[in-house]
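One-letter residues, chain by chain:
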Amino acid sequence: MPDHSSRSLQTLTVATTGASGSLFLKQFLLAVEREPRIGAVNFVASDSALRVMAEELGLKGRAHLATQLLAPEIKKPSRKIQLQANADIGANIASGSYPVDAMVVIPCSVGTLARIAHGDASHLIERAADVCLKEQRRLVLCVRETPLNKIHIRNMYRAADAGATIFPLIPAFYYRPASLEQMAQEFASRVLAHIGLPQSHAYRWKG
Ligand SMILES: Cc1cc2nc3c(=O)[nH]c(=O)nc-3n(C[C@H](O)[C@H](O)[C@H](O)COP(=O)(O)O)c2cc1C
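These remarks concern the structure in this document. Just so you know, the residues in each chain are numbered from 1, in the order the chain's sequence is written. The predicted nature of this model means local features are confined to residues of pLDDT at least 70 and side-chain atom pairs, given and counted, to a pLDDT of 80 or more, with totals for whole chains, interfaces and linings taken over all residues. For the side-chain quantities, the full set of heavy atoms in the structure was used; hydrogens and water were omitted.

## Examining the pattern of salt bridges
For clarity, the cut-off: Should a side-chain nitrogen of Lys or Arg be within 4 Å of a carboxyl oxygen of Asp or Glu, the pair is scored as a salt bridge. Put simply, DSSP marks the helices as runs of H or I at least four residues long and the strands as runs of E at least two long, and each gets a number from the N terminus on. Three exposure classes are used, based on accessible area relative to the maximum for each residue type with a 1.4 Å probe and protein chains only: buried under 20%, partly exposed in between, and exposed over 50%.
Following the criterion strictly, the structure yields seven salt bridges and no others. In this structure, the salt-bridge partner of K26 is E73, at a minimum N-O distance of 3.1 Å. Linking K26 in helix 1 (residues 22-34) with E73 in the loop between helix 3 (65-70) and strand 3 (81-84), this pair joins segments that are 47 residues apart in sequence. Classification of E73 by relative accessible area gives partly exposed; the value is 37%. For K134, the salt bridge goes to E135, with nearest N and O atoms at 2.9 Å.

Next up, the structure:
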């Protein structure tokens, strides 16, 4: 069961992969950057994520990736978000000895889901996720694909069975979002609440 009590996170890992939904990553990173209860963020992007972000957000390559994603809302380079190379399996988050409070993969492709579900830890994203599972730390997979085949569904089951939260990239509609940005912001708030950081400005159903 998720712990909804408010607390601080020393370190958060944010990974992004080649599934559609770069806008959700952007709004999540903005929320993380602005969240004073989060200390440091290790950020990893797969090569396919860069391809999709170029398509969906017009981003230009890996250089200053976090700064590109935070612009134009935040103009200065982030001091909190550190980009890690997906090929660097010697990065801090590749080891269980490095303290990580939670990891969020947003969006999570079914390819990355499959590798995590099968313990294929050949890149940093999958290795960091594997470490979270073995250390019983929170791992949130914002899986995005439609329709889903039985392989995807089995892999979601396998990952959930190993301790991950499957948090599909499916927004809510009952608060009548006025824009795509608002939809992605509310989704980011739900993910943050799930890892113990409820957002005071988030929509709350009153019944
Ligand atoms: C524009 C675009 C959109 C894509 N959307 C999805 C998607 O929604 N879900 C998915 O699982 N893969 C999607 N893919 C395919 C993945 O990028 C591809 O399977 C890739 O190998 C995943 O690599 P990664 O898991 O290392 O990031 C998309 C690819 C492109 C170019």
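## Quick look at helix 1
For clarity, the threshold we go by: Every helix has an expected span of 1.5 Å times one less than the residues it contains.
Compared with the 18 Å implied by 1.5 Å per residue over 13 residues, the 18 Å span of helix 1 between its first and last C-alpha is a close match. Counting buried residues in helix 1 gives twelve out of 13 residues, a clear majority hidden from the surface.

## Quick notes on the nonpolar core
Keep this limit in mind: By nonpolar core is meant a set of buried Ala, Val, Leu, Ile, Met, Phe, Trp, Tyr and Cys residues that side-chain atoms within 4.5 Å join together. Contact definition: two residues touch when any of their heavy atoms are within 4.5 Å.
Grouped together as the largest cluster of nonpolar side chains are 39 residues, with contacts concentrated most on L12, V14, F28, F43, M53, V104 and I106. Of all elements in the fold, only strand 1 (9-16), helix 1, strand 2 (38-45), helix 2 (47-57), helix 3, strand 4 (102-108), strand 5 (138-143) and helix 7 (180-194) reach the threshold of two or more residues within this core. Ranked by residue count, the leading element in this core is helix 1, at eight residues. The residues touching V104, leaving out its near neighbours within four places in the chain, are L12, T13, V14, A15, F28, V140, C142, V191 and I195. Of all hydrophobic cores here, the second largest spans 25 residues; its members include A15, V110, I116 and A159.

## As for the sheet that holds strand 2
Heads up, the condition is: Strand pairing follows a simple DSSP-based rule, namely that at least 2 bridges must link the two strands.
Across the sheet, six strands lie side by side as 3-2-1-4-5-6; this open sheet has parallel pairing. Edge positions in the sheet fall to strand 3 and strand 6 (165-166), since each of these pairs with one other strand and no more. Looking at chain direction, strand 2 and strand 3 are connected through four bridges and run parallel. Bridge pairing links V41 to I81 in strand 3.

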